[in-house]
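Topology and contacts: notes
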Amino acid sequence: MARDLRAFIQLLEERGQLRRITALVDPDLEIAEISNRMLQAGGPGLLFENVKGSSFPVAINLMGTEERVCWAMNMEHPQELETLGKKLGMLQQPKPPKKISQAVEFGKILFDVVKAKPGRDFFPACQQVVVEGDALDLNKLPLIRPYPGDAGKIITLGLVITKDCETGTPNVGVYRLQLQSRTTMSVHWLSVRGGARHLRKAAQNGKKLEIAIALGVDPLIIMAAATPIPVDLSEWLFAGLYGGSGVQLAKCKTLDLQVPADSEFVLEGTITPGEVLPDGPFGDHMGYYGGVEDSPVIHFHCMTHRQNPIYLTTFSGRPPKEEAMMAIALNRIYTPILRQQVSEIVDFFLPMEALSYKAAIISIDKAYPGQARRAALAFWSALPQFTYTKFVIVVDKDINIRDPRQVVWAISSKVDPTRDVFILPNTPFDSLDFASEKIGLGGRMGIDATTKIPPETEHEWGAPLESDADVAAMVDRRWVEYGLEDLELGDVNPNLFGYDMR
């Protein structure tokens, strides 16, 4: 399988999903503006080969559709992601096998873990060129500035690699970095993230924190680093499980850290605990500019890269964006794990327009009164990534939760707001969500949009309208006879029904 960025770019080009742009473009606002238009239209990935102020080309929007995210994970269809989710679910909460077939299946998964163990590359491509000392100038990288109100240039798709100074356990995360000078950047991470924990440990031990930024890696590794599934496995092992074979790692030139051997660029530096600089504001995934925060400063002293490297980037903002497409894929991976945690859940969906985590729609196989409320409460506590989900809408299993028209119909026809809506006040809240009265504290709403059964209601529920089965079968047989065979009824244009989808 392909395990580097170049192979993925080649795959996109072979499948007609990449456009090369030779015209001169500016990384300041222009690249993001072009890419944003492509994202809105579900357009191809872009490779800018002539970038103002830099000799390096820029790749963007490579994972701008769900289909391309699946390709990045060596899959063809989103449904295949659920198979991966089942595998991760069995590793997370293994159960004693009751049948020989179950034992064999679990044995195969353990073998997959063995195959996923990372390897070591002693002559890595990422170190073909070494830049140190006065020659190091981060301004030579084609860092983008996406929005006019942004404070500066940023790195968005770099793997930020640190390790615990006591245990040596590594952490790989994807955090935003702001350019501060020719050799320094600030890193923006939440206090609960692995990198922040490692920095606190370094401070307690009176040490600097070593940190490496791997740029232009296999998109599959980015997906692994962005997966917040509570399994006690390293991100490298995750990536190996995702891809079916271990990731090749290489030791940094000047740090005791390992990075993907086929990275396009690697930046090596240290953080002195307590040294901070203002970071922000920047446009974030909520669709607004965030605030200014004092953030740790990284001093870089070495950069290595491949011959003729490619710079990979993206940016946040109101969906659709690449991060939203990645979240849709992760949604599929979570589904089997969520079913394992909450048995009545048939399916769940995190709509992109709801920022991929603010609203969840779950379908249940309803068997008893009050089950929808129980399912909503269980959802909020099933996995840590659902802590900041504001709205949970519960529908019956026959509702297609990925069709907003069906969901709106279920809410409109099955919900009595006085009975079916419940609110939990003063719960932990996303600090980037300006809707709450107090930053970091807000409410959650559950909506029971299922068919009600006694004692939830005191009257009979109306029978649903359905076609006569015999007549429907007859119409199917006579469709050509009617002269209607040339009409495409599968793909419906929502604008025909009063919507304005542009």
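Attention in this report is confined to the structure presented alongside it.

Definitions and cut-offs
Residues numbered from 1 in each chain as written. Predicted model: local features only at pLDDT ≥ 70, side-chain atom pairs only at ≥ 80, totals over all residues. Heavy atoms only, no water. Pairing = 2+ DSSP bridges. Helix = DSSP H or I, 4+ residues; strand = E, 2+ residues; numbered from the N terminus. Axes fitted to C-alpha atoms, helices over the stretch in contact; angles between N-to-C directions. Core = buried A, V, L, I, M, F, W, Y, C linked by side-chain atoms within 4.5 Å. Buried < 20%, exposed > 50% of the residue type's maximum accessible area, 1.4 Å probe, protein only. Contact = heavy atoms within 4.5 Å. Salt bridge = Lys/Arg side-chain N within 4 Å of Asp/Glu carboxyl O. Expected span 1.5 Å × (residues − 1). Right-handed = clockwise from strand over helix to strand, strands pointing away. Patch = residues over 30% accessible without salt bridge, like charges linked within 9 Å, V, L, I, M, F, W, Y side chains within 5 Å. Areas by Shrake-Rupley, 256 points an atom, 1.4 Å probe, with all protein chains shown as cover. Lys, Arg positive; Asp, Glu negative; His and termini not counted. Charge placed at Lys NZ, Arg CZ, Asp CG, Glu CD. Phe/Tyr/Trp six-rings, centres within 6.5 Å; stacked < 30°, edge-to-face > 60°. Lys NZ or Arg CZ within 6 Å of the ring centre and 35° of its normal. Arc of directions from axis to C-beta. Polar contact = N/O pair within 3.5 Å; in protein donor to acceptor, adjacent residues only side chain to side chain.

Moving on: the sheet that holds strand β17 (residues 345–349). Across the sheet, which stays open at both edges, the 5 strands sit in the order β17-β18-β19-β21-β20 with mixed pairing between neighbours. The open sheet has two edge strands with one neighbour each: β17 and β20 (421–428). Between one strand axis and the next, the sheet turns by 20° as a mean value, whatever way the strands run. Two elements, β20 and strand β21 (residues 441–449), share 6 bridges in a ladder whose sense is antiparallel. For F422, the partnering residue across the bridge sits in β21 and is G446.

Turning our attention to the nonpolar core. One recurring pattern in soluble globular proteins: nonpolar side chains tend to sit buried together. Within the largest apolar cluster, 76 residues are counted, with the highest numbers of intra-cluster contacts made by L62, L159, Y242 and F379. Sequence-distant contacts of L62, that is, excluding residues within four places in its chain, are made with L5, F8, I9, L12, L18, G45, L46, R68, L312 and E322.

Inspection of the secondary structure assignment puts T270 in strand β14 (residues 265–279). For T270, the contacting residues outside a window of four places in its chain are K208, L209, E210, I211, V297, I298, H299 and H301.

Attention now moves to the pattern of salt bridges. Using the criterion set out here, one finds 25 salt bridges in the structure. One salt bridge in this structure joins R176 and D279, with 2.4 Å as the shortest N-O distance. In this pair, R176 sits in strand β9 (residues 176–179) while D279 sits in strand β14, placing the two residues 103 residues apart along the sequence. On the basis of relative accessible area, D279 is assigned to the buried category, the value being 0%. Linked by salt bridges that have partners in common, D4, R6, E264 and R306 make up one network.

Of note, the amide linkage connecting G280 to P281 takes the cis form, showing an omega dihedral of 5°. Its location among the elements puts P281 in the loop between β14 and β15 (293–305). The omega torsion across P454 and P455 is 5°, close enough to zero to call that bond cis. Examined against the element boundaries, P455 turns out to sit in the loop between β21 and α13 (469–478). One non-glycine residue, N74, adopts positive backbone phi at about 60°.

Residues spaced three or four apart along an α-helix point in a common direction, a consequence of the helix completing one turn every 3.6 residues. The terminal C-alpha atoms of helix α10 (residues 371–382), which comprises 12 residues, lie 16 Å apart, in line with the 16 Å expected from a rise of 1.5 Å per residue. Restricting attention to buried positions, one finds in α10 the residues Q371, A372, A375, A376, A378, F379, W380 and A382. For α10, the secondary structure elements touched by its buried residues are α9 (322–341), β17, β18 (359–364), β19 (391–396), β20 and β21.

Moving on, we get to the environment of G42. Take G42: it is sitting in the loop between α2 (30–41) and β2 (45–48). Spatially, the C-alpha atom of G42 lies 24 Å from that of V407, the residues being 365 residues apart in sequence.

Attention now goes to the pairing of strand β1 (residues 18–21). In terms of strand pairing, β1 meets β2 through 4 bridges, oriented parallel. Residue pairing in the sheet places R19 in a bridge with L46 of β2. Running through α2, the crossover from β1 to the neighbouring parallel element β2 is right-handed.

We now examine the pairing of β14. With 7 bridges joining them, strand β11 (residues 209–215) and β14 adopt antiparallel strand pairing. Note that in β14 the partner of A212 across the bridge is E268.

Time to look at a negative patch on the surface. Negative charge collects at one region of the surface, where E485, D486, E488 and D491 lie side by side. For D486, the position within the fold is in the segment after α13. Owing to a relative accessible area of 57%, D486 belongs among the exposed residues under this scheme.

This paragraph deals with the packing of aromatic side chains. This model, assessed by the stated rule, comprises 12 aromatic pairs. Here Y147 and Y289 contribute two aromatic rings whose centre-to-centre distance is 6.4 Å and whose plane-to-plane angle is 85°, an arrangement assigned as edge-to-face. Here the residue Y147 occupies a position in the loop between β5 (129–132) and β6 (154–155), and Y289 occupies one in the loop between β14 and β15, the gap between them amounting to 142 residues. Take Y147: its relative accessible area is 22%, and that puts it in the partly exposed class. Look at Y289 and you get partly exposed, because its relative accessible area is 37%. An aromatic cluster of at least three residues, connected via ring pairs, comprises Y334, F348, F379 and F386. Above the plane of the ring of W71 lies R15, whose end atom (NZ or CZ) is 4.6 Å from the centre. Just above the ring of F429 sits the side chain of K358; from NZ or CZ to the centre is 5.2 Å.

Turning our eyes to something else, we now look at a nonpolar patch on the surface. A cluster of nonpolar side chains, contributed by V492, L496, F497, Y499 and M501, occupies part of the molecular surface with about 560 Å² of accessible area. Secondary-structure assignment places F497 in the segment after α13.

An order of β1-β2-β3-β16 is seen for the 4 strands of this open sheet, with the pairing classed as mixed. With partners counted over all chains shown, the strands left at the sheet margins are β1 and β16 (311–312), one partner each. Along the sheet face, α2 touches β2 and β3 (58–60) and points at about 160° away from the line of β2.

Bringing the environment of Q10 into the picture now. Tracing the backbone shows Q10 in helix α1 (residues 5–14). With relative accessibility at 47%, the residue Q10 sits in the partly exposed group. Taking C-alpha positions, Q10 is 33 Å from G194, a pair spaced 184 residues apart along the chain.

Residues of helix α11 (residues 404–414) that are buried: V407, A410 and K414. The arc that holds the buried residues of α11, viewed along the axis, is 65°, so those residues lie on one side. Among the exposed residues of α11, those oriented more than 90 degrees off its buried face are P404 and S412. The inward-facing, buried residues of α11 contact β18, β19, α12 (417–420) and β21. Of the residues that open α11, the one with a side-chain oxygen 3.0 Å from the backbone nitrogen of R405 is D403.

Don't take any of this as a statement about function, it's just geometry.
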